[in-house]
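The primary structure of each chain is shown beneath.
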Amino acid sequence: MSNKQPAPVASEHAELRARKVSFDWEETPLHWVPGDPFTTHTINVLHLLLPAGERWFVRVYEQALPYITDDRLREDVIGFIGQEAVHSQAHDDVLPHLRKLGLDPTPYTAQVDWFFEKLLGDRTLPPGRPRRWWLRERVAMIAAIEHYTAFLGDWVLNADALDRAGADPTMLDLLRWHGAEEVEHRAVAFELFMHLDGGYRRRVRTWAIAFSALVFLWQRGIRFFLENDPLLDAPKASVADFVRRGRRGVLPSTPAVLRSAPRYLSRSYHPSQEGSTEQALAYLASSPGANGGR
């Protein structure tokens with residue numbers, strides 16, 4: 001069984017760098033998609049998952065650096081680490097604003113921290129093969145997760161329905177800056193996995209783990225936000241709510257989410273074949289938050 005690296009789209013490679021960003025949350029309302037707390041809080045889950053998740057990415061990749069023998073990939077991983085560290089901090093900075101508006105996310109973020117720091121964190125394993133196995137396993141999980149962050153990044157860059165719905169421009173800028181960088185570095189995690197391991201069975205297994213964990217954590221996060229929203233009296237949420245908003249375009253469509261799985265599991269998959277680096281870089285050049293809040 002071959003683990004040969006699928007061919008990337010050569011023109012899609014970009015030199016990665018962390019950008020200094022600034023977002024002012026003073027005028028952002030709790031329901032930043034007007035009249036739609038479900039969409040607001042479905043997307044707000046990102047602020048709860050990403051700080052801990054991306055700190056975990058950074059720790060795992062710092063451990064992987066000594067095993068990288070390809071110079072360009074090493075530089076890409078270093079750039080990826082820098083961008084993920086900034087992403088983590090930028091989403092973390094939203095949480096004090098949520099507390100100010102009466103929604104304290106601490107009970108849920110404590111659960112997310114446990115998930116990444118304890119369940120998926122460093123383990124006391126004998127040196128040598130066991131530690132390398134756990135490192136490769138986590139690198140493979142990150143590749144699967146990054147498939148979905150790139151999917152979401154491409155979606156939000158093209159989600160004109162959020163503009164038409166009157167979504168808060170600062171929140172949209174945060175999401176699109178982050179999404180653009182996810183598209184920009186979308187190939188790094190997969191290429192690192194292929195470089196260190198590339199086993200197809202591991203790719204399938206860790207995709208199943210990562211996808212199941214994302215669905216579980218996301219639905220818990222939505223429920224947490226809706227139940228603790230001080231502006232809602234009788235919050236309700238269902239899969240049908242997600243499907244309907246996907247049809248409207250304010251959330252990813254259910255068919256698009258489902259189609260993303262077989263693409264990742266295809267033996268010919270390479271992330272550079274999805275999304276557009278050109279579009280991502282164009283947004284990053286115009287983003288107020290990524291250009292000093294201008």
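Since this is a predicted model, take the numbers as computed values, not measurements. (Residues numbered from 1 in each chain as written. Predicted model: local features only at pLDDT ≥ 70, side-chain atom pairs only at ≥ 80, totals over all residues. Heavy atoms only, no water.)

### Let's talk about the side chain of Asp241
- Turning to its location among the elements, Asp241 is positioned in helix H10 (residues 239-248).
- A residue is classified by how much of its surface remains accessible, and Asp241, at 12% relative accessible area, is buried.
- Engagement of the side chain of Asp241 in a polar contact is seen with the backbone nitrogen of Ser238, the distance being 2.8 Å.
- Residues within four places of Asp241 in sequence aside, it is in contact with Phe38 and Lys236. (Helix = DSSP H or I, 4+ residues; strand = E, 2+ residues; numbered from the N terminus. Buried < 20%, exposed > 50% of the residue type's maximum accessible area, 1.4 Å probe, protein only. Polar contact = N/O pair within 3.5 Å; in protein donor to acceptor, adjacent residues only side chain to side chain. Contact = heavy atoms within 4.5 Å.)

### Section: helix H4 (residues 106-119)
- With 14 residues, H4 extends 19 Å from end C-alpha to end C-alpha; this agrees with the ideal 20 Å at 1.5 Å per step.
- For H4, the set of buried residues is Tyr108, Thr109, Val112, Phe115 and Phe116. Viewed along the axis of H4, the buried residues span an arc of 115°, placing them on a single side of the element.
- Of the surrounding elements, those touching the buried residues of H4 are helix H1 (37-64), helix H3 (95-100) and helix H9 (200-228). (Expected span 1.5 Å × (residues − 1). Arc of directions from axis to C-beta.)

### Some details on the packing of aromatic side chains
- With the rule as written, the count across this model stands at 15 aromatic pairs.
- Where Tyr148 meets Phe211, the ring centres are 5.5 Å apart and the plane angle is 40°; that geometry is what we call tilted. With Tyr148 in helix H5 (residues 129-157) and Phe211 in helix H9, this residue pair connects regions lying 63 residues apart in the sequence.
- Classification of Tyr148 as buried rests on a relative accessible area of 8%. (Phe/Tyr/Trp six-rings, centres within 6.5 Å; stacked < 30°, edge-to-face > 60°.)

### A few points about the environment of Arg247
- Mapped onto the elements, Arg247 comes out in helix H10.
- We classify Arg247 as exposed; its relative accessible area is 70%.
- As a C-alpha pair, Arg247 and Thr28 span 219 residues in sequence and 26 Å in three-dimensional space.

### So, the pattern of salt bridges
- Here the structure, examined in full by the defined rule, presents 17 salt bridges.
- Across the salt bridge formed by Arg248 and Asp36, the nearest N and O atoms sit 3.5 Å from each other. Of this pair, Arg248 sits in helix H10 while Asp36 sits in the segment before H1, and the two are 212 residues apart along the sequence.
- Using a relative accessible area of 48% as the deciding quantity, one classes Arg248 as partly exposed.
- The salt bridge partner of Glu137 is Arg205, with a shortest N-O separation of 2.7 Å. Placement of the pair is Glu137 in helix H5 and Arg205 in helix H9, with a sequence separation of 68 residues.
- The exposure class of Glu137 is buried, given its relative accessible area of 4%.
- Each of Asp36, Asp241, Arg244, Arg245 and Arg248 takes part in one network of salt bridges that share partners. (Salt bridge = Lys/Arg side-chain N within 4 Å of Asp/Glu carboxyl O.)

### A word on the nonpolar core
- Of all hydrophobic cores here, the largest spans 87 residues; its most connected members are Trp56, Tyr61, Val77, Val139, Leu162 and Leu192.
- Those residues in contact with Leu192, other than ones at most four positions away along the chain, are Tyr61, Ala64, Ile68, Leu73, Val77 and Val139. (Core = buried A, V, L, I, M, F, W, Y, C linked by side-chain atoms within 4.5 Å.)

### A look at H10
- Turning to H10, its buried residues are Asp241, Arg245 and Gly246. The arc enclosing the buried residues of H10, seen along the axis, measures out at 135°, which places them on a common side. When the buried face of H10 is taken as reference, the exposed residues oriented beyond 90 degrees from it are Val239 and Arg247.
- Those residues of H10 hidden inside the fold are in contact with H1.

Everything listed is a geometric property; what it means functionally is a separate question.
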